[in-house]
Amino acid sequence: MALKAVVLYNFQAEPGNNELSVREGETVTVIDQAVGGGWIAAQNSSGQSGLVPEGYLLIGSGEGGASRPESGPCVSNPEASYPGAAEDDNSEWDDDWDDQSVSSYHGNGHTEEEGGTSGRIAHGPSVKISMNKFPFSKGPNPEVFLLAKPLANSRDRLPVYQGEVGPVWLYPTTPLDCIIADPKKESKLYGLKSFIEYQITPNTTNRHVTHRYKHFDWLYERLLEKFGSLLPIPSLPDKQVTGRFDEDFIRMRMERLQAWMTRMCRHPVVSQSEVFQLFLTYKDEREWKAGKRKAEKDELVGPMMFSLIEPEAPELDVVQVEQKCEQFSRFTRSMDDGVRELLNVGHTHWKRCTGPLPKEYERIGRAIRNLSTVFNSSNYPGEELLTNALTAAGKTYEQIAEIVAQQPQKDLYFLLETNSEYKGLLGCFPEIITVHKAAVDKMKEADRLISAGKISSSDRKCMNQRVSCMSYSLQAEMNHFHSNRIYDYNRVMQCYLEQQVTFYQQIADKLREALSRFTTL
């Protein structure tokens, strides 16, 4: 008997993600519970199948075979699944969530892989799987930093300097960069598990290291856990459920991983961090595993990272900082709207360029060539030059159709990819600003806390200094964002317009050539 499940909450599938839209109270058939990543493959009563979030289904032996829980979607043992929960020191990488195994094959020949990368979820007693769509998260609490005892000195200070535009990070003299290349399909357990391995070569050593996607995912989670309260750490490119060994998918994933790594390399704080350097420069498996365990046990994470900020200037005025934060918030919200609009317009134009528009040019070309055939059938003397010119013009429009269909990949692709990156970056700032605002609000309560005997005057002075450090950090990050934004959009628009010029020039040249056949008549 097929396993049934009751849908607990409405879920709207995202296009292109192999997901299945379901309604609350609907009964679906469970196809595969071992998809992983917090997803279950299911089929509705209409025969449509796809992925549904695991927490949205109540699985039983049949309709009405189980009772509905009182609470909403949750994760089991959230404390263990929260980013930063350390694995056993002697554990190896858990391979079940990123490998292709015999048990993961389905009748259609595809394999399934978990979706997403921005949160962790417990799956069984020891397996930890990333999931992008329904992350479990604990909001960063700035009080951990503001009211903590004075910290021991650390060598990993984060200096902030006064630049022409205000507070700025200390940038390394030699910018870090890396190249991701040579993806290879590897396997283990006698071929039962397969994966793609990439070579990453940093410019500092020119010696390549190899990593799988799950290693990038691990790095992302470490960076998010460590820096997420003060820096935007955009998500990795999503995982894919099917076709992850297709050449086009491997190429696109590599390009997006390259873009993600390049952005991390350009950040003066992330790029110089110990965990990021480990990822790029480990010498052997032993050093990698030791560094991995050390990073997972790092206690200097989240709001405590602000304790490393070393501003060279005196404390900032809270009112001025709040004004700048509000201005930046308005800007990022407006930019987010603009980025989303450009993405929507761009995707619509892409569909038109690869769908109806080439077909229109093809129809024009075919109609002209058909007219040439009709003219040729008249057998009228001296008409051959005209019919040949008409035939050439028809072929020209068919060639233009091919050029139009191929063009988005040459110009629009890079514009959309850049905007997708910034969409991810912009989505990180609200939480960063919220952390800062919570700290400012707590500082404003200082008088009441002193009256209540919860803190002393010296504690209040310490809080002021620490909030000032947080303000320096936030403004340095704002300035880093703006400088990168100006550079990125200048570069990508130059690329886009140069390709557009070439595109229209190519079409114009072909039309001139077709025209020349008529002017010689």
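Residues numbered from 1 in each chain as written. Predicted model: local features only at pLDDT ≥ 70, side-chain atom pairs only at ≥ 80, totals over all residues. Heavy atoms only, no water.

Per an unreviewed UniProt entry, the recorded name for the chain is Sorting nexin 9a, and the organism is Nothobranchius furzeri. The chain has a UniProt comment under Sequence similarities (unreviewed entry) that states "Belongs to the sorting nexin family." Turning to the chain, the UniProt annotation filed under Subcellular location (unreviewed entry) states: "Cytoplasmic vesicle membrane". (UniProt positions renumbered as here; feature names shortened; annotations may be inferred.)

A. Layout of the sheet that holds strand β11 (residues 193-202). As summarised here, the arrangement of the three strands in space is β10-β11-β12, forming an open sheet in which the pairing is antiparallel. Only two strands of the sheet have a single partner each, and these edge strands are β10 (178-188) and β12 (209-212). Within the sheet, the average angular offset between the axes of one strand and its neighbour, ignoring direction, is 30°. In this sheet, β12 lies alongside β11 in antiparallel orientation, the contact comprising four bridges. Its bridge partner being in β12, Tyr198 is matched across the sheet by His211. Sheet strands touched by helix α5 (residues 274-281): β10, β11 and β12. Its angle to β12, the strand with the most contacts, is close to 105°. (Pairing = 2+ DSSP bridges. Helix = DSSP H or I, 4+ residues; strand = E, 2+ residues; numbered from the N terminus. Axes fitted to C-alpha atoms, helices over the stretch in contact; angles between N-to-C directions. Contact = heavy atoms within 4.5 Å.)

B. Broad picture of the packing of aromatic side chains. Inspection of every chain in the model, using the stated rule, returns 17 aromatic pairs. Look at Phe328 and Phe429: their rings are 5.0 Å apart centre to centre, the planes differ by 75°, and that puts the pair in the edge-to-face class. One end of the pair, Phe328, is in helix α7 (residues 318-354); the other, Phe429, is in helix α11 (residues 429-444), with 101 residues separating them in the sequence. There is no split in this pair, since Phe328 and Phe429 are both buried. Taken together, a centroid distance of 5.9 Å and an interplanar angle of 85° make the contact between Phe328 and Phe481 edge-to-face. Here Phe328, found in helix α7, pairs with Phe481, found in helix α13 (residues 457-519); they are 153 residues apart in sequence, far enough to count as distant. Judged by relative accessible area, Phe328 falls into the buried class, the value being 3%. Residue classification places Phe481 among the buried residues on the basis of a relative accessible area of 4%. (Phe/Tyr/Trp six-rings, centres within 6.5 Å; stacked < 30°, edge-to-face > 60°. Buried < 20%, exposed > 50% of the residue type's maximum accessible area, 1.4 Å probe, protein only.)

C. View of the confidence of the model for the chain. Across the chain, pLDDT averages 81, with 80% of residues at or above 70. Contacts from residues 61-138, a stretch scored under 50 in pLDDT, to residues over four places away or in other chains number 195 contacts. (pLDDT = per-residue confidence, 0-100.)

D. Representation of the sheet that holds strand β9 (residues 166-169) in the model. The three strands lie next to each other as β9-β8-β13, forming an open sheet whose pairing is mixed. In this open sheet, the two strands that pair with only one neighbour each are β9 and β13 (309-311). Direction aside, neighbouring strands of the sheet carry axes that sit 35° apart on average. With three bridges joining them, strand β8 (residues 158-163) and β13 adopt parallel strand pairing. Pairing of Leu158 across the sheet is with Ile309, part of β13.

E. Structural context of the nonpolar core. Core analysis: the biggest nonpolar cluster contains 59 residues, and Leu223, Met261 and Phe276 have the highest contact counts within it. A domain split of this core shows at least three residues from each of domain 2 (168-313) and domain 3 (314-520). With 21 residues, the next largest nonpolar core counts Cys325, Ile432, Ile433 and Val492 among its residues. (Core = buried A, V, L, I, M, F, W, Y, C linked by side-chain atoms within 4.5 Å. Domains from an automatic or database assignment.)

F. Here's a closer look at the side chain of Thr281. Structurally, the position occupied by Thr281 is in helix α5. Look past the residues within four positions of Thr281 in its chain and what remains in contact with it is Pro202, Thr204, Thr205, Arg207 and Val209.

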